[in-house]
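# Inside the fold
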Amino acid sequence: MDKFQFIETEKEGGIGLIKLNRPKVLNALNRTMIREIVQILEEFDLDHSIKVMILTGNGRAFAAGADIDEMADKNTMGMELANQFADWDRISLVKKPVIGAVNGFALGGGFELALACDLLFASDNAKFGFPEVNLGVMPGAGGTQRLTKAIGKTKALAYIWSGDMMSAEEASEYGVVNKVVAPELLMEETIRFAERLAEKAPLSIRLIKESVYKALDYSVYEGMQFERKNFYLLFSSEDQKEGMQAFLEKRKPSFKGK
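First, a word on what this report is: a plain description of the structure on this page.

## Observations regarding the sheet that holds strand β9 (residues 165-167)
The sheet built from four strands is open, its strands ordered β4-β6-β8-β9 with mixed pairing. Of all strands in the sheet, those bounded by a partner on one side alone are β4 (61-64) and β9. Taking the axes of each pair of neighbouring strands and ignoring which way they run, one obtains an average angle of 25° across the sheet. Across three bridges, β4 lies against strand β6 (residues 105-107) in parallel orientation. Its bridge partner being in β6, A63 is matched across the sheet by A106.

Here you go:
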């Protein structure tokens, strides 16, 4: 039985599935829900049977923003003392791949949660956006940073300033979304890709993710030095020996994540 109040979880075939489950309010994100998401991401990250995680939403939305009722009467010191975004920061520390499957709305905090995923698959009815400007605030869980790195300054400013929504097709064109599919095919396509990743060498997947994210902040030279050390590091793994031996023997490798 699920131990969580606002999410549902499943494990099958090396994939950990996390479903946001407040469909009556379009999966609006309250602090308890974020805490539960982070908790299960960290649990799956330490579970050797899980190779890839998928994050999606039940009902008609991925997540249509933050729970405004929870924040409307807050003041500056209250928000600071509550450390509002501490749980969000932990998402960046997850080592395994996290794939978002976005159906319907991903707005405000929902868009920030989608951008915190490593890859995104979306249904063709998905809508992304930051409406915070219409509430007198702004994104606070990484939206201004991640969207700018993904699509550039001018496009990011236009969307965040205006509060306009981005279609799934636009998100794909800008490189925010990896693939757009019909709604009925969203989970099938996402799981199919996750299954492909689950067959790869887990340590390679982990260090590739680490190296790619360093590329966002490092100079090319610094990033190449970091990449090189991770490349060398993999030569101390059993998986490197197995992968290269399997190649020479013309057989499928059996990776153990060791």
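The rest of the description comes next.
## A closer look at the sheet that holds strand β3 (residues 52-57)
Read from one edge to the other, the open sheet built from six strands follows the order β1-β2-β3-β5-β7-β10, with strand pairing classed as mixed. A single partner strand is all that each edge strand has here, and the edge strands are β1 (7-12) and β10 (179-181). Sheet twist, expressed as the average angle between the axes of neighbouring strands with direction ignored, equals 20°. Where β3 lies against strand β5 (residues 98-102), four bridges are found, and the strand directions are parallel. Looking at the pairing, T56 lines up with A101 of β5. In this fold helix α1 (residues 31-46) packs onto β1, β2 (15-20), β3 and β5, with an angle of close to 15° to the strand it touches most, β1.

## Description of helix α7 (residues 153-162)
In an α-helix, one full turn covers 3.6 residues, which means residues spaced three or four apart are oriented alike. Considered for burial, the residues of α7 that qualify are A156, Y159 and I160. Buried residues of α7, viewed axially, fall in a sector of 90°; they line one side. Within α7, the exposed residues directed more than 90 degrees away from the buried face are T154 and W161. The elements touched by buried residues of α7 are α6 (143-151), β9 and α8 (168-173).

The rules we used
- Residues numbered from 1 in each chain as written.
- Predicted model: local features only at pLDDT ≥ 70, side-chain atom pairs only at ≥ 80, totals over all residues.
- Heavy atoms only, no water.
- Pairing = 2+ DSSP bridges.
- Helix = DSSP H or I, 4+ residues; strand = E, 2+ residues; numbered from the N terminus.
- Axes fitted to C-alpha atoms, helices over the stretch in contact; angles between N-to-C directions.
- Contact = heavy atoms within 4.5 Å.
- Buried < 20%, exposed > 50% of the residue type's maximum accessible area, 1.4 Å probe, protein only.
- Arc of directions from axis to C-beta.

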